[in-house]
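Below, each chain spelled out in residue letters.
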Amino acid sequence: MRNRTAMLLLVLSLCPTPGSVARAEGVAPADTTWMTVLLGGRKIGHLEISHERVGDVVTTTQDLVIELNRGGSGVPLGVLTRSMESSAGEPLGFYARSTLSSSDTIVEGKRQPGGDFTVTTTVDGNSRQTLLVWPPGAMLAEGQRLALVKAASRPGENYTMDMFDPASQAVARVAMTVIGDEKVALPEGTMVLSHQRQVLKTPRGSQTMDLWLDNEGFARKGMLDMLGRKLEMLACSRKCAMAPVQKMDMFRAAMVDSPRLLPAYLRSSFLRYRIRTPAGSPQPIIGTDEQHVMDLGRGNWLVDVGNPQPGGQAPPSGEDTLPNAWVQSDAPEIRQLAAQVVGDARDDLQKMRRLRSFVSDYITQHGLDVGYASALEVLRTHDGDCTEYAVLLAALARAEHIPTRVVTGMVYADRFSGASRVFVPHAWVQSWINGRWQSFDAALRHFDSTHIALDTGDGDPWHFFNVANLFGQLHIEEVTPTGELAGNLPPPTVSEPPVSAGNGR
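Predicted model only: the values in this text are computed from it and were never measured. (Residues numbered from 1 in each chain as written. Predicted model: local features only at pLDDT ≥ 70, side-chain atom pairs only at ≥ 80, totals over all residues. Heavy atoms only, no water.)

Visitor: Looking at this structure, I do not really get the nonpolar core. What am I missing?
Guide: Side chains of nonpolar character tend, in soluble globular proteins, to be buried together. Counting 41 residues, the largest nonpolar core has Ile334, Met352, Leu355, Leu392, Leu393 and Leu396 as the members making the most contacts within it. Sorting the residues of this core by element identifies helix H6 (332-342), helix H7 (348-362), helix H8 (375-381), helix H9 (386-399) and strand S21 (419-433) as the ones contributing at least two each. Take this core: its biggest share by element is eleven residues, from H9. Apart from residues lying up to four places away in sequence, Leu355 is in contact with Ala338, Val341, Val342, Leu393, Leu396 and Ala397. (Core = buried A, V, L, I, M, F, W, Y, C linked by side-chain atoms within 4.5 Å. Buried < 20%, exposed > 50% of the residue type's maximum accessible area, 1.4 Å probe, protein only. Helix = DSSP H or I, 4+ residues; strand = E, 2+ residues; numbered from the N terminus. Contact = heavy atoms within 4.5 Å.)

So, in structure tokens, the structure goes:
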């Protein structure tokens, strides 16, 4: 269980490159700009940016490093991105290095003569190559800067930009509004800057980021909401940006308070939740074969968990059995181990119970310094927490050709990281068993009705990151077990109780 900071690690895709005010023509040395990163007024990291032009090629490098505090331990996370473009903003190549665990994840895109890109993704030393057809209109850093400069002189104008993020290889369509010039206080002085607002809308909600830009379209300040706090990036000197970080308990920021104690006997049966989010927000919680969601209006949602029925979500597709850079189900060591563990299991349910039990015992180290590791890395280190349990279990299941997804959500804990009666971020898996999706939680050894699913994915960490900001917006108003439901409500079918830890779900 852990908190992720989606907008910190994806912020580079939403923030055009800051830069020095002075620029040279023709062949120019790299300009370097530094920014301090604050969350809730506390320093949590820095951003270093270089901008270099050689002939007609512009290279932009951005290096974000943050440190989160988990139970008293500092966890460094970082993303370095580099884009190569023509002076007109035409994409020529890209590179990203994400530091989420002891091993880096590297993505490198090289443009081919026909205009497509070969993309090599390397996780824990294992590389995979794919072909990327460049999305029409998608822009890297220099293209974004040019668009910002063009719009800055027209206050009140609305326009859109399609921003390509090298780390996730995703395109974000961002709605832009030019607000106008404002006087802005920075750590080392005041500047008059052009204020532009970006709004990114996704099925999981919207994210607004305000930018204040100099005359050349380089951001000197950026601000957005994350986990109920203000995240700020402010241009300043290297000494300012590299000052020591201040501890912030990110666990507590991501927790959602429970309105009542939920003892074990209630968790194993049906539970009904009434959840509130800001009015007008998209549906924050997904429907699954174990979770039914009803919109009550005005940001209120009724969520029933523990009534398993098929049809709550789409059946598996071919992608649900495929390997990827994080769930390496085709690796020989993964396939051999999966076959060994399932042994003579008679069906997929028995296979999943054996695999779940094996993974529950396999991870023996629970260090707080693991950010997000791949299945092969977990196999080698025996280290991790809920996401590492989930990606390893997903890889083993897919190696046995069982359609499996990684679920991002939250789960109840009586006590966690100094807090009582809270729901904390969590990850588990769903597998397609006997015509429906069934959940298996290797970290907690069983699945119960306090697991609330927010999203599903293929194990790529960016799926986890994309819902991180939801934790700061959810409020659980009521939790009602079967015995307390009003008489005029139809009694739910109670879900299967968790079986013993030795072979349970």
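Visitor: Help me understand the packing of aromatic side chains, please; the structure alone is not making it clear to me.
Guide: To describe a pair of aromatic rings, one takes the distance between the centres and the angle between the planes. All chains considered together, the criterion is met by ten aromatic pairs. Ring centres of Phe358 and Tyr362 lie 5.2 Å apart, and the angle between their planes is 35°; on these two criteria the pair is classed as tilted. Here Phe358 pairs with Tyr362, and both are found in helix H7, just four residues apart, close to one helical turn. Accessibility expressed as a relative area gives 14% for Tyr362, which makes it buried. Clustering of aromatic rings is evident, with ring pairs tying together Phe94, Phe117, Trp134 and Phe164. Here Lys221 stacks its cationic end above the ring of Trp212, 4.7 Å away from the centre of that ring. (Phe/Tyr/Trp six-rings, centres within 6.5 Å; stacked < 30°, edge-to-face > 60°. Lys NZ or Arg CZ within 6 Å of the ring centre and 35° of its normal.)

Visitor: Just checking my understanding: could you explain the pairing of strand S10 (residues 158-165) for this structure?
Guide: The two faces of the sheet receive side chains in turn, since in a regular strand these alternate between them. The element S10 is largely enclosed, with a buried count of six among its eight residues. One ladder, built from two bridges, connects strand S9 (residues 138-139) with S10; its direction is parallel. Counterpart to Met139 in the pairing with S10 is Met163. Of the crossover connections in this fold, the one passing from S9 over helix H2 (residues 141-152) to the parallel S10 is right-handed. Where S10 meets strand S11 (residues 170-186), eight bridges bridge the pair, whose relative direction is antiparallel. Each residue of the ladder has a partner; that of Asn158, found in S11, is Thr177. (Pairing = 2+ DSSP bridges. Right-handed = clockwise from strand over helix to strand, strands pointing away.)

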